[in-house]
Amino acid sequence: MAHIPTFRLHVVDVHGEVYYGDARFVVVPAEMGEVGILPGHAPLLSRMRPGELRITKGDGVLQILFLDGGMLEVQPYLVSILADASLRVPDIDLKDTEARLQAAQRTLSDEHTSEMNLLMAEQELKRELAKLQAHQRYQQNLQMGKTDGYDWRRPPLTGVPQVNIHDLEG
């Protein structure tokens, strides 16, 4: 069997290390669009938007994570991702996501909404649509046997407090 080149992938978020291991290929939701990274990729520094992180591990197994923005640094044999937040796709609450989508759509359709609230609703809409897309891709790959779950170094987060920016402003 031929040796397939890999690189080290290190993903952390505000709660700690999310993933550390070898990868053959990674697709990252960079600010200007998805970026595919192979071993030996040219150095790159970019902001990330909310979206899917697709990791093809050294053994060929696909893992999909949801990242809520952050920073990406690419070096030839090390890719570092500093995510604002991350979720394992099965941990996405589809009912909550649908409720957030509907609330954002209502805000966007209200002609009396302030410009700041419109911008916040637009960001919320993008984030929740990205969660749905990540969930759909994960389900398709799970059904086709292309993914085997997750290789996270920590258990799923539970009881993480939700912070409402409006409560902080008052």
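Residues numbered from 1 in each chain as written. Predicted model: local features only at pLDDT ≥ 70, side-chain atom pairs only at ≥ 80, totals over all residues. Heavy atoms only, no water.

1. Comments concerning the pattern of salt bridges
Side-chain pairs of opposite charge can arise where the charged atoms are in close proximity.
Next, step 1: The full count for this structure, using the stated rule, is 13 salt bridges.
Next, step 2: We note a salt bridge from aspartate 22 to arginine 8, for which the minimum N-O separation is 3.2 Å. You can see aspartate 22 sitting in strand 2 (residues 16-30) and its partner arginine 8 sitting in strand 1 (residues 7-13), a full 14 residues away along the chain.
Next, step 3: Accessibility expressed as a relative area gives 36% for aspartate 22, which makes it partly exposed.
Next, step 4: Glutamate 34 is paired through a salt bridge with arginine 54; the nearest N and O atoms lie 3.0 Å apart. (Salt bridge = Lys/Arg side-chain N within 4 Å of Asp/Glu carboxyl O. Helix = DSSP H or I, 4+ residues; strand = E, 2+ residues; numbered from the N terminus. Buried < 20%, exposed > 50% of the residue type's maximum accessible area, 1.4 Å probe, protein only.)

2. What about a nonpolar patch on the surface?
Next, step 1: Together, Leu45, Met71 and Leu82 line one region of the surface with nonpolar side chains, adding up to about 300 Å² of accessible area.
Next, step 2: Position of leucine 45 relative to the elements: it lies in strand 4 (residues 44-57).
Next, step 3: Taking the relative accessible area as the measure of exposure, leucine 45 reaches 63% and is therefore exposed. (Patch = residues over 30% accessible without salt bridge, like charges linked within 9 Å, V, L, I, M, F, W, Y side chains within 5 Å. Areas by Shrake-Rupley, 256 points an atom, 1.4 Å probe, with all protein chains shown as cover.)

3. Focus: the pairing of strand 5 (residues 62-75)
Next, step 1: Counting buried positions along strand 5 yields ten of 14 residues, so the element is predominantly enclosed.
Next, step 2: Inspection of the sheet shows strand 4 paired to strand 5 by twelve bridges, in the antiparallel sense. Paired with methionine 48 across the two strands is glycine 70, which belongs to strand 5.
Next, step 3: As paired strands, strand 5 and strand 7 (residues 86-88) are joined by three bridges and run antiparallel to one another. Across the sheet, residue phenylalanine 66 finds its bridge partner in strand 7, namely leucine 87. (Pairing = 2+ DSSP bridges.)

4. Quick word on the packing of helix 1 (residues 94-109) against helix 2 (residues 115-143)
Next, step 1: Relative orientation of the contacting elements helix 1 and helix 2 amounts to 150 degrees, with a least axis distance of 9 Å. Between helix 1 and helix 2, the crossing angle belongs to the class labelled roughly antiparallel. Along this stretch, helix 1 crosses helix 2, giving a crossing that reads as left-handed. Residue-level inspection shows Leu94, Thr97, Glu98, Arg100, Leu101, Ala104, Gln105, Thr107 and Leu108 of helix 1 in contact with helix 2, the latter providing Asn117, Leu118, Ala121, Glu122, Glu124, Leu125, Glu128, Leu129, Lys131, Leu132 and His135.
Next, step 2: Here the contact of helix 1 with helix 2 is built from residues that sort into nine nonpolar, five polar and six charged. (Axes fitted to C-alpha atoms, helices over the stretch in contact; angles between N-to-C directions. Parallel < 35°, antiparallel > 145°, perpendicular 65-115°, else oblique. Left-handed = near helix turned anticlockwise from the far one by under 90°. Contact = heavy atoms within 4.5 Å. Nonpolar A, V, L, I, M, F, W, Y, C, P; charged D, E, K, R; others polar.)

5. Structural notes on the side chain of histidine 135
Next, step 1: Inspection of the secondary structure puts histidine 135 in helix 2.
Next, step 2: What makes histidine 135 buried here is its relative accessible area of 15%.
Next, step 3: Among all residues touching histidine 135, those that are not within four sequence positions of it are Val89 and Leu94.

Keep in mind these numbers describe shape, not what the thing actually does.
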